[in-house]
Amino acid sequence: MSHTLPGLLVVFEGIDGAGKSTQIRRLGLLCEALGLECVSSREPTFGQYGKQLRDSAAHGRLSRAEEHRLLLLDRREHIDTLIRPALMRSAVVLLDRYYYSSIAYQAGPELSAEQIRADNEAFAPAPDLLLILDLPPETGLARIGARGDRPNAFEALATLQHCREVYRSFAGLAYARLIDATADLDQVTAKASAALLRALMTRRLLQVDGNT
Ligand code: TYD
C-alpha cells in the first residue's frame, strides 16, 4: 500500500556488488546539501531478528519459511521504530534492501513469490522510489572479491542470477527505475540523483526553484 506520510521512502535493490551502499552514501549527501533530513538504513537490520538472519547467512541457511518469518518480524520492527517515524518527520529514508529482496531470496518451491509479496504488502509501506541497480552476477562477485569480502551463503552464482531476474521483473512498477550498475559510479549517481530529485518534486519536498 502506498503511504500517506509526508516523507519520501527510497529503496535500493540489487545483488551484492551492485553499489547500493555507495549510492546511498552519495544520495544522502545530496539530501543534506538540499537541507533535507536523511535517514539511511538497511535490511536485515542489526536488531534481534536481523542478527539471526545474518548468522544464518554466515553458517549455512535456515529454511526459506523460517527466513521469511524472521524477515517479517525484522521488517515490522524496522518500520515501527525507524522508517515510519522518519517518514512522519518528513525525512527522506534511503533503504538498502526491502521486501523485494525477500521475493528474490526467499521464494522457492515451498514458499511462493506471491505469498511473500502479500505478507509484506499487508503492512509494509510501498516505496515512493525503487532504484534497481542492475548488473551481471559475475561482475558483482568480482567486485565483492576486489573489496576483500567473501560471498556469504546467499551469494552462489545461480542464486544471484535468479535474484537479478527477480529484481529486473519489478522494473515495470510505476515507482521503479532500472539503472545499469555496470556503468561507472558517477553515471549511476547521476541517474539515481535525477530520479530522487523528480520524486522529491512530485512530493513537494523540493520546489522547482530549488527552495526546500
Ligand atoms: P547484505 O546487503 O549483504 O548485508 P551485509 O553486507 O551487511 O551483510 O544482506 C545480507 C543478505 O541478506 C543478502 O545476501 C541478502 C539477504 N536478504 C534476504 O535473503 N532477504 C531479504 O529480505 C533481505 C532484506 C536480505
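Here we come to the site of the ligand. The environment of the ligand is made up of 15 residues, and the closest members are Asp-16, Arg-54, Arg-97, Ser-102 and Gln-106. Arg-75 is positioned with one of its side-chain polar atoms (N or O) 3.1 Å from an oxygen atom of the ligand. One nitrogen or oxygen atom from the side chain of Ser-102 is found 2.6 Å from an oxygen atom belonging to the ligand. Here the ligand has 540 Å² of accessible area as a free molecule, and 87% of this is covered by the chains. Among the cavities detected, the one that contains the ligand is the largest pocket. Looking at the shell around the ligand element by element, the count peaks at 4 residues for helix 4 (residues 99-106).

Attention shifts here to the layout of surface pockets. If you add up the space inside the largest pocket, you get close to 690 Å³. What lines the largest pocket is a set of 31 residues, among which Asp-16, Arg-42, Arg-97, Asn-152 and Glu-155 lie closest to the centre. Elements with a contribution of two residues or more to the lining of the largest pocket: helix 1 (20-33), helix 2 (48-58), helix 3 (64-88) and helix 4. Looking at the lining of the largest pocket residue by residue, the classes come out as 11 nonpolar, 8 polar and 12 charged.

Let's shift gears to empty space enclosed by the protein. Gaps left between atoms are located by rolling a probe of water-molecule size over the structure's atoms. A full pass over the atoms with the stated rule returns 1 cavity of 30 Å³ or more. Of the voids in this model, the largest cavity is the one considered here, and its volume is about 40 Å³. Surrounding the largest cavity, Gly-14, Ile-15, Ile-132, Leu-133, Asp-134, Leu-135, Arg-164, Tyr-167 and Arg-168 form its lining. Going through the elements one at a time, strand 4 (129-134) and helix 7 (157-169) are the ones with two or more residues in the lining of the largest cavity. Class assignment for the residues of the lining of the largest cavity results in 5 nonpolar, 1 polar and 3 charged.

Across its 14 residues, helix 1 extends 20 Å between first and last C-alpha, which sits within 8% of the 20 Å expected from 1.5 Å per residue. Along helix 1, the residues classified as buried are Lys-20, Gln-23, Ile-24, Leu-27, Gly-28 and Cys-31. Along helix 1, the residues classed as buried sweep out an arc of 140° about the axis, all on the same side. More than 90 degrees from the buried face of helix 1, the exposed residues found are Arg-25, Leu-29, Glu-32 and Ala-33. In this structure, the buried side of helix 1 is in contact with strand 1 (8-13), strand 2 (38-42), strand 3 (92-96), strand 4 and helix 8 (185-202).

If you walk across this open sheet you meet the 5 strands as 2-3-1-4-5, and the pairing is parallel. Two strands bound the open sheet, and with one partner strand each, they are strand 2 and strand 5 (176-180). Going across the sheet, the axis of each strand differs from the next one's by a mean of 20°, ignoring polarity. Of the strand pairs in this sheet, strand 1 and strand 3 are connected by 5 bridges, and their pairing is parallel. Along strand 3, the bridge assignment pairs Phe-12 with Asp-96.

What counts and how
Residues numbered from 1 in each chain as written. Predicted model: local features only at pLDDT ≥ 70, side-chain atom pairs only at ≥ 80, totals over all residues. Heavy atoms only, no water. Near = heavy atom within 4 Å. Polar contact = N/O pair within 3.5 Å; in protein donor to acceptor, adjacent residues only side chain to side chain. Areas by Shrake-Rupley, 256 points an atom, 1.4 Å probe, with all protein chains shown as cover. 1 Å grid on protein atoms, 1.4 Å probe; cavity = no way out; pocket = protein on both sides within 12 Å on 5 of 7 lines; lining within 4 Å. Sits in = over half its atoms within 2 Å of the grid points. Helix = DSSP H or I, 4+ residues; strand = E, 2+ residues; numbered from the N terminus. Points joined across faces, edges and corners; volume = space filled by probe spheres on them. Nonpolar A, V, L, I, M, F, W, Y, C, P; charged D, E, K, R; others polar. Expected span 1.5 Å × (residues − 1). Buried < 20%, exposed > 50% of the residue type's maximum accessible area, 1.4 Å probe, protein only. Arc of directions from axis to C-beta. Contact = heavy atoms within 4.5 Å. Pairing = 2+ DSSP bridges. Axes fitted to C-alpha atoms, helices over the stretch in contact; angles between N-to-C directions.

Structural measurements only, silent on function.
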